[in-house]
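Here are the chains, one letter per residue:
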Amino acid sequence: GDSVTQTEGLVTLTEGLPVMLNCTYQTIYSNPFLFWYVHYLNESPRLLLKSSTDNKRTEHQGFHATLHKSSSSFHLQKSSAQLSDSALYYCALKGTGGYKVVFGSGTRLLVSP
Amino acid sequence: DTTVKQNPRYKLARVGKPVNLICSQTMNHDTMYWYQKKPNQAPKLLLFYYDKILNREADTFEKFQSSRPNNSFCSLYIGSAGLEYSAMYLCASSRDRAANERLFFGHGTKLSVL
């Protein structure tokens, strides 16, 4: 079945350094949608960005990701981490014609001064 | 209002007792989902409603029930709680089942079974 693999566990960064959270996926669908959800403490998880277009960069709130179907990847990046970026990040996959959203296990990002 | 509401936020249950969790949304979304989230694990889809049609995942088919009396409400029912049911339960909704539709999540209900 479909699966998503993310950078495991905890990523700690100093404020101002670049962020890169890895996400790779496996799916039977040729045109999947890939999502990044962010879960801040005491809030609901919410969508950060999404894409289904191969090799096109998508951006939101300073974060960006590019879907590369050749390598089945959708890594999340940001040029300069901020303290407020500390949160749990989920990569997720939904296949065209499917109903099921498959999540990775999440990567906790902790940004320190 | 783009919120999904879940009640209660925290739930304590005894082994062998039933548990009922509630979720509501006022966005007129067709689809509502229930996920189970345990520490360091991916959120696991338990079941979802598309309109009035319930779809349960094969590996949790017998463990969870659900009802959707109207478009806004969806419940998750555990007939006899076991220790393994301790987890965060996340409710989510989406406008429809289309692949590009995002999920709107509630805050979750943290269930502790003792």
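**Student:** Lay out the sheet that holds strand β3 (residues 19-21) of chain A with the relevant residues and their values.
**Tutor:** All names here are of chain A. Ordered in space as β3-β9-β8-β7, the four strands form an open sheet in which the pairing is antiparallel. Since the sheet does not close on itself, it has two edges, and those belong to β3 and β7 (57-60), each with one partner. The mean inter-strand angle of the sheet, taken between neighbouring strand axes irrespective of direction, is 20 degrees. With three bridges joining them, β3 and strand β9 (residues 76-78) adopt antiparallel strand pairing. From the neighbouring strand, L21 faces β9, where its bridge partner is L76.

**Student:** Talk me through the pairing of strand β6 (residues 46-51) of chain A; I want residue IDs and the actual numbers.
**Tutor:** With five bridges connecting them, strand β5 (residues 33-39) of chain A and β6 of chain A associate as antiparallel partners. Along β6 of chain A, the bridge assignment pairs L34 of chain A with S51 of chain A.

**Student:** Residues and numbers for the state of the cysteines, please.
**Tutor:** Under the criterion given, the structure shown has two disulfides over all chains. A disulfide bridge connects C23 of chain A with C91 of chain A, and the sulfur atoms are separated by 1.9 Å. Classification of the bridge connecting C23 of chain A and C91 of chain A rests on its S-S torsion, roughly -65 degrees, and on that basis the disulfide is left-handed. Taken as a pair, C23 of chain A in strand β4 (residues 23-26) and C91 of chain A in strand β10 (residues 87-94) lie far apart in primary sequence, 68 residues in all. Here C23 of chain A matches C91 of chain A in class, with each residue buried. What pairs with C23 of chain B in a disulfide is C91 of chain B, and their sulfur atoms sit 1.9 Å apart. Classification of the bridge connecting C23 of chain B and C91 of chain B rests on its S-S torsion, roughly -75 degrees, and on that basis the disulfide is left-handed. Note that C23 of chain B is positioned in strand β3 (residues 19-25) and C91 of chain B in strand β9 (residues 87-94), a separation of 68 residues in sequence. An identical accessibility class is assigned to C23 of chain B and C91 of chain B; each is buried. No disulfide involves C74 of chain B; its nearest neighbouring cysteine sulfur is the one of C91 of chain B, lying 5.9 Å away. Judged by its relative accessible area of 2%, C74 of chain B is buried.

**Student:** Could you give me a rundown of the packing of aromatic side chains, with the residues and numbers involved?
**Tutor:** Following the criterion strictly, the structure yields 13 aromatic pairs over all chains and no others. Consider the rings of F103 of chain A and Y35 of chain B, whose centres lie 5.3 Å apart with planes at 90 degrees: the pair is edge-to-face. Remark: Y35 of chain B occurs in strand β4 (residues 31-37) and F103 of chain A occurs in strand β11 (residues 101-103); the pair is interchain, linking two chains. Overall, the relative accessible area of 5% leaves F103 of chain A in the buried class. Exposure remark for Y35 of chain B: the relative accessible area of 0% places this residue in the buried category. Each residue in the set F33, F35, Y37, Y90 and F103 of chain A together with Y33, Y35, F48 and F105 of chain B is aromatic and connected to the rest through ring pairs, giving one cluster.

**Student:** Residue-level account of the sheet that holds strand β8 (residues 73-78) of chain B, with values.
**Tutor:** All names here are of chain B. Read across the open sheet, the four strands follow the order β1-β3-β8-β7; overall the sheet is antiparallel. Each edge of the open sheet carries a strand with a single partner, namely β1 (4-7) and β7 (65-70). Taken over all neighbouring pairs, the strand axes of this sheet differ in orientation by 20 degrees on average, direction set aside. Summarising the sheet, β3 and β8 pair through six bridges and their orientation is antiparallel. Paired with C23 across the strands is C74, a residue of β8.

**Student:** An account of unusual backbone geometry is needed here, citing residue identities and associated values.
**Tutor:** Residue and element names in this part refer to chain B. Along the chain, N7 connects to P8 via a cis peptide bond; the corresponding omega equals -10 degrees. Looking at the element boundaries, P8 is found in the loop between β1 and β2 (10-13). One non-glycine residue with positive phi stands out, namely N40, at about 65 degrees. Here N40 lies in the loop between β4 and β5 (44-50). For N40, a relative accessible area of 72% translates into the label exposed.

What counts as what
- Residues numbered from 1 in each chain as written.
- Chains lettered and ligands numbered in written order.
- Predicted model: local features only at pLDDT ≥ 70, side-chain atom pairs only at ≥ 80, totals over all residues.
- Heavy atoms only, no water.
- Pairing = 2+ DSSP bridges.
- Helix = DSSP H or I, 4+ residues; strand = E, 2+ residues; numbered from the N terminus.
- Axes fitted to C-alpha atoms, helices over the stretch in contact; angles between N-to-C directions.
- Disulfide = S-S within 2.5 Å.
- Buried < 20%, exposed > 50% of the residue type's maximum accessible area, 1.4 Å probe, protein only.
- Phe/Tyr/Trp six-rings, centres within 6.5 Å; stacked < 30°, edge-to-face > 60°.

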